[in-house]
Amino acid sequence: MRKVAAIHDLSCYGRCSLAVILPVLSVMGMQCCPLPGTVLSTHTGGFGPVQRTDLTGQVDGTLRHWEELGLRFDGIYTGYMASATQIHQAMEAVERLSGENTQVVVDPVLGDHGKLYTSITPEMAQAMGDLCQKAQVITPNLTEAAILLGLAPDALLDQRGEDLAVELSGQGQRSVVVTGVTPEPGYTGAVWFDHTTGASGTTVAVRAPGEYPGTGDLFAAVLTGSLVMGESLERGVSRAAHFITRCASYTAALGTDVREGVLFEPLLPLLLGDALAMDDRI
Ligand code: PXL
């Protein structure tokens, strides 16, 4: 059975990070092994003062134990990090837990809407750039794309060209999916570059009303699952974009508190088909 190490925080209320990544990868038919760097009472998007516990030492010990066990993962997927030390740990994890065909997907969580998140220091932005060098696939939004290119965080908010994905690929060394692009009014999508084929493209999905926390994590989780199943980057991006659109439309129709994220749980069966189809022993 394929397995993915997911190096993220665990926000215990509000539907983001490991709380959405675990169910998505499970339903896609693989074992998701969580490596939480921080446990938080809620995500930081509007629930007031957050209770948090740093687990940096626990991550170190887990990496050591997993290495002793000789574990190698088919996917390593990293996201929100609380410190530069944790970003360096993620780099260590890539070194120590990769096999020959491991898909390393780095979501360089640094900012959104033209601003750095308040917890991000210049040292962390630099370290995240270094972590991206170790990835097969990175999934920045337009704000993160600008930061990674050394520009002001709001410098690229109107970009929608595929050349941006090519520019972030480090001369074709890695694949890039830039999320949160507006290909045309009323639509949302991603521009991508696939370093395994040299192809680039734009994936377009209907823009559902509302801006929900955690959709970036859901997007990259579906993409990671798809890549670990052996699907192409284009297929993975399309699958992820359409899944998010359906989750956001459903959530908007129910009119729940935006802070609770998208109500993806009833839509998980949409991700189920291929895992079943690909293994006739199930
Ligand atoms: O990706 C969303 C996310 C992840 N982790 C933490 C967050 C958020 C969004 O607010 O606060 C801790």
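Residue numbers restart at each chain and count upward from 1, following the sequence in its written direction. Residues qualify for local features only when their pLDDT is at least 70, as the model is predicted, and side-chain atom pairs are given and counted only at 80 or more; totals for whole chains, interfaces and linings, by contrast, use all residues. Based on all heavy atoms of the structure, the side-chain values leave hydrogens and waters out of the count.

## Describing the overall build of the chain
Here is step 1: The helix and strand tally for the chain stands at nine helices and 13 strands.
Here is step 2: When we talk radius of gyration, it's over C-alpha atoms, and the globule rule is simply 2.2 Å times the number of residues to the 0.38. Radius of gyration (C-alpha) of the chain: 17 Å, near the 19 Å computed for a compact globule of 282 residues.
Here is step 3: Seen through its C-alpha atoms, the chain measures out along the principal axes to roughly 50 × 50 × 40 Å.
Here is step 4: Burial status follows relative accessibility: with a 1.4 Å probe on protein chains alone, a residue under 20% of its type maximum counts as buried, one over 50% as exposed, and anything between as partly exposed. Split into buried and exposed, the 282 residues of the chain put 49% on the buried side.
Here is step 5: The contact definition used throughout considers only heavy atoms, calling two residues in contact when any of these lie within 4.5 Å. When contacts within the chain are restricted to residue pairs at least 6 apart in sequence, long-range pairs at least 24 apart make up 66% of them.
Here is step 6: Counting every atom, the chain has about 12,500 Å² of accessible surface; 51% of that belongs to carbon and sulfur.
Here is step 7: When charges are counted, Lys and Arg are positive and Asp and Glu negative, with His and the chain ends excluded. To locate a charge, the coordinates of NZ of Lys, CZ of Arg, CG of Asp or CD of Glu are taken. If you average the places of the 17 positive and of the 31 negative side-chain charges in the chain, the two averages end up 4 Å apart. In DSSP terms, a helix is any run of H or I states spanning at least four residues, a strand is any run of E spanning at least two, and both are numbered starting from the N terminus. All accessible-area figures derive from a Shrake-Rupley calculation using a 1.4 Å probe, and residue coverage is judged against the displayed protein chains alone.

## As for the packing of aromatic side chains
Within a pair of aromatic rings, the relevant descriptors are the distance that separates the centres and the angle that separates the planes.
Here is step 1: Whether two aromatic rings pair depends on their centres lying within 6.5 Å, for rings of Phe, Tyr and Trp, where Trp uses its six-membered ring; planes under 30 degrees apart make the pair stacked, over 60 edge-to-face, and the rest tilted. Counted by the stated rule, this structure contains two aromatic pairs.
Here is step 2: An angle of 75° between the planes, with centres 5.6 Å apart, marks the rings of Y13 and F47 as edge-to-face. Pair noted here: Y13 is in the loop between β2 (10-11) and α1 (18-27) and F47 is in the loop between β4 (38-40) and β5 (52-54), with a separation of 34 residues, a long-range link.
Here is step 3: Under the relative-accessibility criterion, Y13 is labelled partly exposed at 39%.
Here is step 4: Of the residues examined, F47 reaches a relative accessible area of 24% and is grouped as partly exposed.
Here is step 5: The interplanar angle of 35° and the centroid separation of 5.3 Å between the aromatic rings of W66 and F73 together place this pair among those described as tilted. A single burial state applies to W66 and to F73, both of which are buried.

## Brief notes about the sheet that holds strand β3 (residues 31-34)
Here is step 1: One requirement defines pairing of two strands: DSSP has to find at least two bridges between them. Strand order in the open sheet made by the eight strands is β3-β1-β6-β7-β10-β11-β12-β13, with mixed pairing throughout. Of all the strands in the sheet, just β3 and β13 (200-206) have a single pairing partner and so form its edges.
Here is step 2: Across four bridges, strand β11 (residues 175-181) lies against strand β12 (residues 187-193) in antiparallel orientation. Looking at the pairing, V176 lines up with F193 of β12.

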